[in-house]
Amino acid sequence: MKSGLRRVALVGGGMLPFAEHFAMGWDEMVQRAYLAALDGVDKGMAPGDIDAGVLGCCRPGLHGQQTQGGVALSGTIGRPGMPAFRVENGCPTGSEAVRAGAMAVASGWYDVVLVVGYEKMRDATTEGLMGIALEGHPVHNRGETALSYFAPQARAHMHAYGTTPEQLAMVAVKNHRHGGHNPYAQRGGEITVEDVLTSPLVCDPLRLLDCCPQTDGAAAVLLVGEEVVDRYADRPVWLWGAGNGTDTYWMSEKESLTSFVATQRAAAAAYRRAGIAPSDIEAVELHDCFTINEIISSEDLGFAEPGKGGALVESGDTAVGGRLPINASGPPGRVPPWSGAPAQRGWQVDLEQRRNDLGSCQALSAPRGPAGGAAREEGVHVPDELVRYAIDAGVATLTLHNPTRKNAWSYAMEEQYFALLERAAADDAVRAIVVTGAGRSFCPGLDTALLAEVAGPRGSGLQLSGRRSQHSALLVPKPMVAAINGACAGIGLVQALVCDVRFVARGARFSTAYARRGLPAEYGTSWLLPRMIGVERALDLLLSARTFDAEEAVAWGLASRLCEPDDVLQAATSYARELVRCCSPLSMATIRRQVWGDLSRGYTEANAVWLDTMRRLDDDNPDLAEGIASFVERRDPRFAPPSPGAVLPPLPSFVPQD
Amino acid sequence: VTTATSKISGHGVALGRLRGPTGCRPGPDEDDLTMAVEAAQWALHRAGSPAIERIVAAVPRTAVNDDAVLVAALRLLDDVPVLRIDRALDGVELAGGLGGHTLVLSSQAAGAAAVVLADGGYAEISKVRRAVGGAAIADGSRDPRFARHAGMRALARELGGAAPTGDGLTALAEVLDRGDSGTVTEGTESAVVAVDVSVCGPIPPGPSRSKWEAAAHEPSAAEDRGAGGSRPRGATGVDPDGALLWRERRELLVPQGARCDACGAVNVPPAGGVLCRRCGHRRLELVDLPRRGTVATFCVSTSLPRALPGPLALIYADLQDGTRWKAMGSGIRTGDLSIGDPVELVLRRLGLDDGAPIYGLAFRRPLA
């Protein structure tokens, strides 16, 4: 989130199945979705806790309520008088309502906001639904239906990229299969490509099974600010980012007939806010009112090159079990073309999946890593964020972030931490890395909850397989600076020790911890510590597992800089910026590898590595010229990022080589 | 018998877009007015778009505002008067007497014709003659009840022309299409008018009757339902008395856009434009746009409200100046069209509301 905004968590959600709810009025649908959300809150929530409500509904006129204001929410759920308003924003109405609620919470205006989206389409006749064909400008709007926005783009996409009717049909086949496992989906089951291709043309080139049916649906979520999240949730789902983008008003003015520029803009904003890239996404729920939408949106969201959306669905990667499941919740069947509820369905289903509450959905959904997330046309939403990532002036800052557990290490945090390190390593915009902890703790070691599990009656033992080497950080070809802001022990100490330079806050306390837990010296500390502080001191710290403070750490050479607690991150960041400003990235990458590698090499061998490196660099080293020129001209150097093919000196053999 | 001479500097015909058992007939989105406008556009085109001083029209009334629609759709000056007459060839005589530039129009159920009478031109009206049979009917020597058109045929013979077969202006245009000379007649049992016309110069190109006949197509089931070109009943969503129709009257009838002085974007539609929709600049100039373009993309809907019988194509086309224009298709169905095909904007009857037609532009394939 942008600085000044607080984090927003989803603590409850509920929805109705998408269906023709002829027996239910819009008000009952809203009530039921609301109750389901309220009942879904881990620790419970009193109705009076809700500060405000946002209602999302695109076309209340379909059920005869042309002016459906916020009172349709507050006055329906037994909270007349509660602040409430309605959001309408075309197809993304439901997501926009969530975004509006999130903005209200993030800004601090409200602590708890209820967002309900619904669409009651089946109270209208088909003729009534088609009424939009007779609205607006007599020449430029006449004849338009929801389909006529998308069918011409389908044709343009097919014409420009060779996307085939079969590929469109594959979207329907896949999503029907997914829907068969979701009790909330309106349609589901096995259909074939041929079924789709032989279904009647509705709006050439789109056929009946390319289209969603008209539906009734409602969904609700409860959003709360981070300060109050503990009151409601054991396992909150954090909202990482959301974005909104628009295109031209008239479709004839669109820059592109083969993409949704609005989606591209919204996605870019959401990714930026979340600090993630499309490659970080592991599952997607997107608006797929017609099959072509999924194909074009998968391109616009960054999951396929322009024109390759058809090939993406054909590859099977977007099916459940594939690399990037799209719409694991079901078929285009259940989503009406404009949607209060349907877009929220994405949020809700996602919430359910994350919380393991929805058996069949969860069973079907692909295994998700902790860094998983879901993007839709206007939102990106990732679960528990255990490591925060920010880039400023060439410095990537990784903040271990689990304040309620004092940033204790977990397998999930580990996965996120090393994934983000990899990302920083690969990003040319990053030239130095700072590692720190949120709040007053750096990382006190493995989470005690996890330790209890490890040691319990059916103790699973420490899980070692399937994890990365704790020395993976040594693979990063960029200097790493630790800003040790507080407690640093056990596996947390290991992470600090494999950084290159350590800044410690006065008051920070350290321990190796292993000997007091019945463990050996873990993760190479028995090799590393003697090389850093000498054999006797290393043995002292490892054998006694005593606590030592920041002053002692600096005195013994375990850290080089002592700072006041409020200054430690600033000092580490300034140092890292200085590296970015003055030092050749290639030199730093090389030196980092030389020093860490030479720790296990003899002098002759180390010299050979150096000579070998020099010889390689003699051939082509623009940094040398720039380094000298900038020195002579008394200016800051302008070093280019190292070429991708740059060969760095070898690391010690215990580090898994890349 | 009277005589008047004048020159023809342009002529044109237009036929309904559907094939019927007895020739072409209008589609449900066509009527006498839309066909007259198309014929007039060809006549004006051949004449080099002279400054027309009046319209003389033998065109059945289609709407209370049809004079205004006619003048606006043809991009004539707002104060050009429309003189309504019964027989088109009377208009030829009238125009000769009044002098200056006159557009004479006629339209019947099957098609329409138009000529521009002006100085110069490629054909000459040498004589206009009349025969009146009222006395014979009055004295009982002819009984129109028993000898259908016998009197008319006799009157035509007196004038040295073939018996009238319908609209005299269409017959005149056919003579011109042949590059020929002849006498064309038009009339009733009691009165016939004959015009002697002869070609005196090269005729500028334009579609002849046979081209229109070749372009006509078999009606779809929905098109067939409305006999004689009347659309199925049902509101089109446009209130004929509403302000919207009045406010957007011009941009419905002629391809126009508002070109931005700063970024050059052509805002379509231009109404509501005090700001450029693309860049926000405040100076816009209303410009006429070309009618022809190529298809950028399109769809063909079959699932539509009753007032809009399918199949209905919605077409995005890039006009010759690069402006993208979206409109319904006229007579275009699945399989008829591809991206890159040429199309042109023509006036169509978009629908009927409370019996009043709403006119606006639609795309069709250009005549070959």
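That block above? That's the structure.
My aim in this report is to walk through the structure given alongside it, one point at a time. (Residues numbered from 1 in each chain as written. Chains lettered and ligands numbered in written order. Predicted model: local features only at pLDDT ≥ 70, side-chain atom pairs only at ≥ 80, totals over all residues. Heavy atoms only, no water.)

**Comments concerning the overall build of chain A**
Alright, step 1. Check the secondary structure of chain A and you find 23 helices and 21 strands.
Alright, step 2. For chain A, with 658 residues in total, the buried portion stands at 57%.
Alright, step 3. Sequence separation of at least 24 residues holds for 75% of the intrachain contacts in chain A that already meet a minimum separation of 6.
Alright, step 4. For chain A, the accessible area works out to roughly 25,800 Å², and carbon and sulfur atoms hold 54% of it. (Helix = DSSP H or I, 4+ residues; strand = E, 2+ residues; numbered from the N terminus. Buried < 20%, exposed > 50% of the residue type's maximum accessible area, 1.4 Å probe, protein only. Contact = heavy atoms within 4.5 Å. Areas by Shrake-Rupley, 256 points an atom, 1.4 Å probe, with all protein chains shown as cover.)

**Considering helix α14 (residues 411–426) of chain A**
Alright, step 1. Between its first and last C-alpha atoms α14(A) spans 23 Å; for 16 residues at 1.5 Å apiece the expected length is 22 Å, and the two agree.
Alright, step 2. Its buried side turned inward, α14(A) meets β12 (387–392), β13 (395–400), β14 (432–437), β16 (480–484) and α16 (491–497) of chain A. (Expected span 1.5 Å × (residues − 1).)

**Digging into a nonpolar patch on the surface**
Residue and element names in this part refer to chain A.
Alright, step 1. A surface patch of nonpolar side chains, about 460 Å² in accessible area, is lined by Leu 624, Ile 628, Phe 631 and Val 632.
Alright, step 2. You can see Val 632 is positioned in helix α23 (residues 622–632).
Alright, step 3. For Val 632, a relative accessible area of 60% gives the class exposed. (Patch = residues over 30% accessible without salt bridge, like charges linked within 9 Å, V, L, I, M, F, W, Y side chains within 5 Å. Salt bridge = Lys/Arg side-chain N within 4 Å of Asp/Glu carboxyl O.)

**So, the interface of chain B and chain A**
Alright, step 1. Taken together, the contact between chain B and chain A spans 38 residues of the former and 28 residues of the latter.
Alright, step 2. Between chain B and chain A, roughly 3,000 Å² of surface is buried when both sides are summed, and carbon and sulfur atoms account for 62% of that area.
Alright, step 3. Taken together, the connections running from chain B to chain A amount to 10 residue pairs in polar contact (both at pLDDT 80 or more).
Alright, step 4. Mapped onto the side of chain B that touches chain A, the elements with two or more residues apiece are α10 (249–253), β14 (292–301), β15 (312–319), β16 (324–328) and β18 (356–364) of chain B.
Alright, step 5. If one sorts the elements of the side of chain B that touches chain A by residue count, β14(B) sits on top with 6 residues.
Alright, step 6. Counted by class, the side of chain B that touches chain A contains 23 nonpolar, 9 polar and 6 charged residues.
Alright, step 7. Bridge analysis of strand β5 (residues 201–204) of chain A against β14(B) gives 2 bridges, and the strand direction is antiparallel. (Buried area = accessible area lost by both parts, 1.4 Å probe. Polar contact = N/O pair within 3.5 Å; in protein donor to acceptor, adjacent residues only side chain to side chain. Nonpolar A, V, L, I, M, F, W, Y, C, P; charged D, E, K, R; others polar. Pairing = 2+ DSSP bridges.)

**A word on the pairing of β14(A)**
Residue and element names in this part refer to chain A.
Alright, step 1. Burial within β14 is extensive, with 6 of its 6 residues counted as buried.
Alright, step 2. By the alternation rule, side chains of β14 split into Ala 432, Val 434 and Thr 436 and Ile 433, Val 435 and Gly 437, which are all buried.
Alright, step 3. In this view, the connection linking β13 to its parallel neighbour β14 by way of α14 has right-handed handedness.
Alright, step 4. Here 4 bridges tie β14 to β16, and the two strands are oriented parallel to one another. (Right-handed = clockwise from strand over helix to strand, strands pointing away.)

**Here's the deal with empty space enclosed by the protein**
A water-sized probe, rolled over the atoms, reveals where empty space remains.
Alright, step 1. Here the structure, examined in full by the defined rule, presents 5 cavities of 30 Å³ or more.
Alright, step 2. Approximately 190 Å³ is the volume found for the largest cavity.
Alright, step 3. Broken down by class, the residue content of the lining of the largest cavity amounts to 8 nonpolar, 4 polar and 5 charged. (1 Å grid on protein atoms, 1.4 Å probe; cavity = no way out; pocket = protein on both sides within 12 Å on 5 of 7 lines; lining within 4 Å. Points joined across faces, edges and corners; volume = space filled by probe spheres on them.)

**A few points about the pattern of salt bridges**
Residues and elements named next belong to chain A.
Alright, step 1. Across all of its chains, the model carries 55 salt bridges over all chains by this definition.
Alright, step 2. Arg 99 serves as the salt-bridge partner of Glu 96, at 2.9 Å between the closest nitrogen and oxygen. Taken together, the positions of Glu 96 and Arg 99, both in helix α3 (residues 93–106) and 3 residues apart, correspond to about one turn of that helix. Judged on exposure class, the residue Glu 96 and its partner Arg 99 are both buried.

**A few points about the nonpolar core**
Alright, step 1. Core analysis: the biggest nonpolar cluster contains 116 residues, and B:Ile8, B:Ile55, B:Leu103, B:Leu105 and B:Trp325 have the highest contact counts within it.
Alright, step 2. In terms of residues, this core owes the most to one element, helix α1 (residues 32–46) of chain B, which gives 9 residues.
Alright, step 3. A:Leu420, A:Phe442, A:Met480 and A:Val504 belong to the second-largest nonpolar core, a separate cluster that totals 54 residues. (Core = buried A, V, L, I, M, F, W, Y, C linked by side-chain atoms within 4.5 Å.)

**Section: the pairing of strand β18 (residues 501–505) of chain A**
Residues and elements named next belong to chain A.
Alright, step 1. Counting buried positions along β18 yields 5 of 5 residues, so the element is predominantly enclosed.
Alright, step 2. Side chains Val 501, Phe 503 and Ala 505 project from β18 onto one buried face, and the interleaved Arg 502 and Val 504 project onto a second face that is buried too.
Alright, step 3. With 4 bridges connecting them, β16 and β18 associate as parallel partners. In the sheet register, Ala 483 faces β18, and the bridge partner there is Phe 503.
Alright, step 4. Alignment of β18 against strand β21 (residues 561–563), held across 3 bridges, turns out to be parallel. Bridge assignment links Ala 505 to a residue of β21, and that residue is Cys 563.

**Thoughts on unusual backbone geometry**
Alright, step 1. Residue A:Pro205 is bonded to the preceding A:Asp204 through a cis peptide linkage, with omega at 15°.
Alright, step 2. Here A:Pro205 is to be found in the loop between β5 and β6 (206–207).
Alright, step 3. With an omega dihedral of -5°, the bond running from B:Val268 to B:Pro269 counts as a cis peptide bond.
Alright, step 4. Structurally, B:Pro269 is set in the loop between β12 (266–267) and β13 (284–288).
Alright, step 5. Its identity as a non-glycine residue notwithstanding, A:Tyr523 has a phi of 50°, on the positive side.
Alright, step 6. Among the secondary structure elements, A:Tyr523 is positioned in the loop between β19 (509–511) and α17 (525–533).

**Some details on the environment of A:Tyr118**
Residues and elements named next belong to chain A.
Alright, step 1. Along the polypeptide, Tyr 118 turns up in strand β4 (residues 112–120).
Alright, step 2. Judged by relative accessible area, Tyr 118 falls into the buried class, the value being 0%.
Alright, step 3. Along the sequence, Tyr 118 and Asp 27 sit 91 residues apart, while their C-alpha atoms lie 9.5 Å from each other.
Alright, step 4. Here the side chain of Tyr 118 touches His 63 through a polar contact of 3.0 Å, side chain to side chain.

**Topic: the sheet that holds strand β1 (residues 6–15) of chain B**
Residues and elements named next belong to chain B.
Alright, step 1. Strand order in the open sheet formed by 8 strands is β5-β4-β6-β7-β1-β8-β10-β9, with mixed pairing between adjacent strands. Each having just a single partner strand, β5 (82–84) and β9 (181–187) make up the two edges of the open sheet. Taken pair by pair, the neighbouring strands of this sheet meet at an average axis angle of 30°, ignoring direction.
Alright, step 2. Two elements, β1 and strand β7 (residues 111–117), share 7 bridges in a ladder whose sense is antiparallel. The partner of Val 13 across the bridge, within β7, is Ala 113. (Axes fitted to C-alpha atoms, helices over the stretch in contact; angles between N-to-C directions.)

**Here we look at the side chain of A:Gln495**
All names here are of chain A.
Alright, step 1. Following the sequence through the fold, Gln 495 ends up in helix α16.
Alright, step 2. Among the residues examined, Gln 495 registers a relative accessible area of 1% and is labelled buried.
Alright, step 3. If we ignore the near neighbours within four places in the chain, the residues touching Gln 495 are Trp 409, Tyr 417, Phe 418 and Gln 470.

All quantities given are derived from atomic positions and should not be read as evidence of function.
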